Every structure is written in C-alpha cells, then in structure tokens.
Amino acid sequence: MPERIVVIGAGPVGIRFAEELLPLVAEGRTTVTVLGAETADPYNRVLIAELAVGEASAAELTLATASALPGVDLRLGARVVRIDRDAQTVALADGSTIGYDRLVFATGARSIIPSLDGLETLGPDTTGLDTRLTAGVCVLRDLSDAEQVRAVVERGGRVVVLGAGVLGIELAMLLADAGAIPSVAHFGPMPMPRQLDRGSASILSTALAAAGVTLVPHTRAEGVIGVEGDDGIRRFRALASSDGKRIEGDLLVLSCGVRARTELAEAAGLRVGNGVLVDASLRSWSDPRIHAIGDCAHVADPAVFLHERQVPGGPAGLVGPGWRQASWLAASITAELDGADEHPGEYTDEHPGVVVLKGELVDIASAGDVSADPFAPVPAGEDAPGVAVWADPEHGTYVKMATRDGILTGFVAVGMPRAAAELSVLYLRGGELPADRSMLLRLDDPNADAVAPAGRDATLCICNAVTVGQIEDAIDDGCASVAAVGDCTRAGTGCGGCRARITELLHAHAGAVA
C-alpha cells in the first residue's frame, strides 16, 4: 500500500514539498494530497507587492497547477477545520474527510492585526482563514489585497503603510515608483531596525525621501478614522496617532509582522511555541506522524526544551529556509521508504538568513548582528568585535562589516550591490574577510567585472541555493531572460532580490557573444 501523505497548505513551501515527492508518486510508493484554502492556483506570496503595483502578472506568480503536479491530488478551496489524530484523518469545511499516514503542516503565517480604535472586523474572508477589515484597510497577503492596492495605485492615490520593516519599506518603494503617494508610519526612530544600524538607516531614509516616500517616525498608532460613503460603507480616511498626528490616505496597509498559523495544530493537541514545535527531523514533538515546514515550523530540540514553558527561536520568516526544509523532508521520507543506510541526518539550515531589500531606488543587503559600535568602550575581560565601516552619504553608499577572529558575523551594505553580493557569499560560508577590507569596496567601481571574485561556486540566489556557475550554464544553454533562467534553475523565483544580478550575467553574456 502506498503511504498516504497529506499536506495542509498550498503556498510556496507546500508546493515545493509536493514537487520534491513527484518521483515517489510516479513510482506508486506514495499518494500526495495538497489542501489549499484559496481557490486560485498556488502562487508565490513573496511577490504579492510586485503584483499589486503592476510590476508582475498573476501568471508570473503562479507556482503550479494540477497539470504541473502529475499524480498529486491538488485540492483548492479546501479548508481544513479539524484533525483527528487517533483516526488519522483531516476534516474539511465541506464535511468530507481525508485519511493520512503522514501529515505535513505547511500553513504558513498570518499577518498581525494591531488593536486600533475604529478598525472593524467584518467576518471571515472568502477563504475562511482570515478576517475582512474596514473598507480601505488590508494587509497585502493575498490576491484580493493586491487588487485593493492596485486600484489605488492606478489612480495615483495615497497609501499609508503602518510598519517600517522589510516588507513595509519594499512596498513603499514600489508604490512610489508606480506613481502612488506613500507614507510610512512607524513606532521607532528609524526604518528596518532589525536589519540596519543608524548609518545605513539614515542613508535609506534619505533615498526614500528623494523618491517621494514620506517617513513618519515615532508614531504610536491608536486609531483608524473612517468616513461613511453614499453606499453606507465606512471607508478608511486617516490613521491617528497618540500625539495627535493624522496621516490621511485612500488606503491603509498594515505591515506589522506575522504570526505562524498554529490554530489547527493546537486544536489537535500538538505542542506549539512560536510555531508548531518540531525536532531536527521536522517531526512534531507530540506526534511522530506529523511534520511542519516553512513559516509555521518552530525547530527546537525537545531533549533540551521539552519542559520549558517558553521555547526560544521560531520560524525564519524567509522563503529560502522553508524551501530547504521542504527538500530535506522529502529526501528524508524517500530514504525512510527506501530503508536506506544513508539518511539525510538531522535538518540543519546551513544558510543563515541574508535579507535583501528589493527595489529600484536603493540596494540593501543585511545579515547577522550589525549593532556593534566601532568606537564603543569594551568592558574589561571582553573582546571587541572587529568592525569596519565605509560611509559616503552624499552618494548614498554605506558598508559595515562585523567580524570575530576575521570571520564575518554580520554586515549591512547600502547602494553597493556587488560588495553586498560578495559579503553575502562570505557570510553564508562563514568565510574570512580579506585583510584589506577596501578590496570589497572596489567591486562597485563601474569598471569592475560584473561578477564578484568569489567565482562560479558563489551562491547567487540565496532562496534556492543557486550558484553563479549554474546560472551561467543555463544562459550558455540558451536562457535569454530572467524568467527563462528561473524556469531552468529556480533562481529569482523566491524573494526576487537576485534578479538584478541575474540581469548582469545576462548582459555580460550578451556582450561576450557580441
């Protein structure tokens, strides 16, 4: 009998997992059922902002259709309402049930909705998973949210973004480039506080202002001001703060972080922390027949934290680690069914997160801890980290590198894409910086070679772990566009932050051929 695998969630991670299992399905060794609550074909939610401003089409976001997953039972509009672990079944909203031998949570995360006076909840949305909000307020997580934003962008309207994290800033840049009028309200003194230090944040703020993005720092949002129209529907008109500020707009986009979708797991009696708690084999702490991957998975060692009330850590919040978990789990299941002596071992993410800000206005990449001050006094008995800083605010460039014993432990690069690419490679490899740090600055000289000196083995697409060499080979084989390279190698199909570098390689190849 084939092993019955049921996947809850048809997002990027759930679909990647199903793709990796296709060989087992073709051999008749497993059946795979993927349950997605949305009715649209699975799509890449990471690029939803590009869709909202018209820089990407729905077709470009589509991950897979039923025909692209031969043998997989892909069910759309199928919302799971209950899991019976004793009977090993999942119950759907339409009253049907599906049996499983192995259940995989790929339910992702939902946007955090802040408590704001006047912000109404209008009942469940079309998927039954989320809540409809006051007209003119959205979170930009699905296709219907993108339609709301697109309508405002097309008439050059005003958009208020609450939250200045990576997604909020990316959206603001896209909105400005598309002709809308964006304002970004945030609580702290600077944008992207988790990724930037004061110097890099200052340069980003200057670039945003020059592009027409209004930053409103130190904003403690308290309420939503709405106006009732002739149709009797109350619509957003302004965001009100505790100090009396009133930020007016035609649309409010909430970008206040996300939280793992764990309700089904909790109701089924599974242990959860900041996600469904799984061990190094991505199995639930509570049930070895259940796994979790992606933004709903909290990987932690039960031998260490089983009796702890608060388990440290949580989902990475990036698509790359979720895809690697999907591939690892598929390989693990294959090895288990093969009875193979060699097993993938324990899951460990060898690619710590590098955050790349997508946008035409400014290039930013950041990883690790960049808070170290090179001039701060060092307490007795402690070793100061090595810190190298280059700043040229007039030209919008900034680099900061932190090291321990020469090993790169954190960096931020603004306006220097080639240096950022090289630093990303070194960070992912746990590599040493060159003794002459200025070598990295020279990479962005207009006369420098397009490819950083790390060579063909350097990881260019972090989300999919695709190297420069793999992309060059694809181009040599006839891939003549970023989309074609993505179809061949998957590079550029995740967060999209590497598309500019892929374009460079395409141009370099075209120049060499000419």
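Rules and cut-offs
Residues numbered from 1 in each chain as written. Predicted model: local features only at pLDDT ≥ 70, side-chain atom pairs only at ≥ 80, totals over all residues. Heavy atoms only, no water. Helix = DSSP H or I, 4+ residues; strand = E, 2+ residues; numbered from the N terminus. Buried < 20%, exposed > 50% of the residue type's maximum accessible area, 1.4 Å probe, protein only. Contact = heavy atoms within 4.5 Å. Areas by Shrake-Rupley, 256 points an atom, 1.4 Å probe, with all protein chains shown as cover. Lys, Arg positive; Asp, Glu negative; His and termini not counted. Charge placed at Lys NZ, Arg CZ, Asp CG, Glu CD. Pairing = 2+ DSSP bridges. Axes fitted to C-alpha atoms, helices over the stretch in contact; angles between N-to-C directions. Patch = residues over 30% accessible without salt bridge, like charges linked within 9 Å, V, L, I, M, F, W, Y side chains within 5 Å. Salt bridge = Lys/Arg side-chain N within 4 Å of Asp/Glu carboxyl O. Core = buried A, V, L, I, M, F, W, Y, C linked by side-chain atoms within 4.5 Å. Parallel < 35°, antiparallel > 145°, perpendicular 65-115°, else oblique. Left-handed = near helix turned anticlockwise from the far one by under 90°. Nonpolar A, V, L, I, M, F, W, Y, C, P; charged D, E, K, R; others polar.

Draft legend 1. How the structure looks around the overall build of the protein. Broken down by element type, the protein carries 15 helices and 29 strands. In terms of principal-axis extent, the alpha carbons of the protein reach across some 65 × 65 × 60 Å. The buried share among the 514 residues of the protein stands at 46%. A sequence separation of at least 24 residues applies to 60% of the contacts in the protein between residues at least 6 apart. Of the roughly 23500 Å² that the protein leaves accessible, carbon and sulfur atoms contribute 50%. One finds the centroid of the 41 positive side-chain charges in the protein at a distance of 5 Å from the centroid of its 68 negative side-chain charges.

Draft legend 2. Quick look at the pairing of strand S18 (residues 251-254). Burial along S18 is two-sided: the residues Leu-251 and Val-253 and Leu-252 and Leu-254 are all buried. Judged from the two bridges that link them, strand S11 (residues 137-138) and S18 form a sheet pairing that is parallel. By the bridge assignment, Val-137 is partnered in S18 with Leu-252. Examined bridge by bridge, strand S12 (residues 158-162) and S18 share four bridges and lie parallel to one another. Across the sheet, the residue bridging to Val-159 is Leu-251, located in S18.

Draft legend 3. Up close: the pairing of strand S25 (residues 386-392). Of the strand pairs in this sheet, S25 and strand S26 (residues 397-404) are connected by seven bridges, and their pairing is antiparallel. Opposite Val-387, over in S26, you have Ala-402 as the bridge partner. In this antiparallel pair of consecutive strands, S25 and S26, the connection spans four residues, and Gly-396 shows a positive phi of 70°.

Draft legend 4. Summary view of the sheet that holds strand S4 (residues 80-84). Read across the sheet, three strands follow the order S4-S5-S6 without closing on themselves; strand pairing throughout is antiparallel. The sheet terminates laterally at S4 and strand S6 (97-99), the two strands that pair on one side only. Direction aside, the axes of adjacent strands within the sheet are offset by 20° on average. Here four bridges tie S4 to strand S5 (residues 89-92), and the two strands are oriented antiparallel to one another. The residue bridging Ile-83 from the neighbouring strand is Val-90, located in S5.

Draft legend 5. Seen up close, a negative patch on the surface. The grouping of Glu-55, Asp-177, Glu-360 and Asp-363 at the surface amounts to a negative patch. Structurally, Glu-55 can be placed in the loop between helix H3 (48-52) and helix H4 (58-61).

Draft legend 6. Region of the structure containing the pattern of salt bridges. The full count for this structure, using the stated rule, is 23 salt bridges. In this structure, the salt-bridge partner of Asp-338 is Arg-29, at a minimum N-O distance of 2.4 Å. Linking Asp-338 in helix H10 (residues 319-338) with Arg-29 in the loop between helix H2 (22-26) and strand S2 (30-36), this pair joins segments that are 309 residues apart in sequence. Taking the relative accessible area as the measure of exposure, Asp-338 reaches 46% and is therefore partly exposed. Note on Arg-29: relative accessible area 27%, which makes it partly exposed.

Draft legend 7. Examining the nonpolar core more closely. Counting residues in each nonpolar core, the largest one holds 68 residues, and the members touching the most others are Phe-17, Ile-83, Val-90 and Phe-105. If you tally residues by element for this core, the top one is H10, at seven residues. Excluding residues that lie within four positions of it along the chain, Ile-83 makes contacts with Ile-8, Thr-89, Val-90, Tyr-100, Leu-103, Phe-105, Leu-264 and Ala-268. Counting residues in each nonpolar core, the second largest holds 45 residues, with Leu-47, Val-53, Ile-203 and Val-253 among its members.

Draft legend 8. Broad picture of the packing of helix H1 (residues 12-20) against H10. Remark: H1 packs on H10, axes separated minimally by 9 Å, with the N-to-C direction vectors making an angle of 30°. Regarding the angle of H1 to H10, the classification is roughly parallel. Crossing of H1 against H10: the hand is right-handed. Residue-level inspection shows Pro-12, Val-13, Arg-16, Phe-17 and Glu-20 of H1 in contact with H10, the latter providing Val-319, Gly-322, Trp-323, Ala-326, Ser-327, Leu-329, Ala-330 and Ile-333. For the contact of H1 with H10, the per-class residue count stands at nine nonpolar, two polar and two charged.

Draft legend 9. Seen up close, the environment of Ile-98. Within the secondary structure, Ile-98 is located in strand S6. By relative accessible area, which is 8% here, Ile-98 ends up buried. It is 8.9 Å that separates the C-alpha atoms of Ile-98 and Thr-33, two residues lying 65 residues apart in sequence. Apart from residues lying up to four places away in sequence, Ile-98 is in contact with Val-6, Thr-33, Leu-35, Arg-75, Gln-88, Thr-89, Val-90 and Leu-92.

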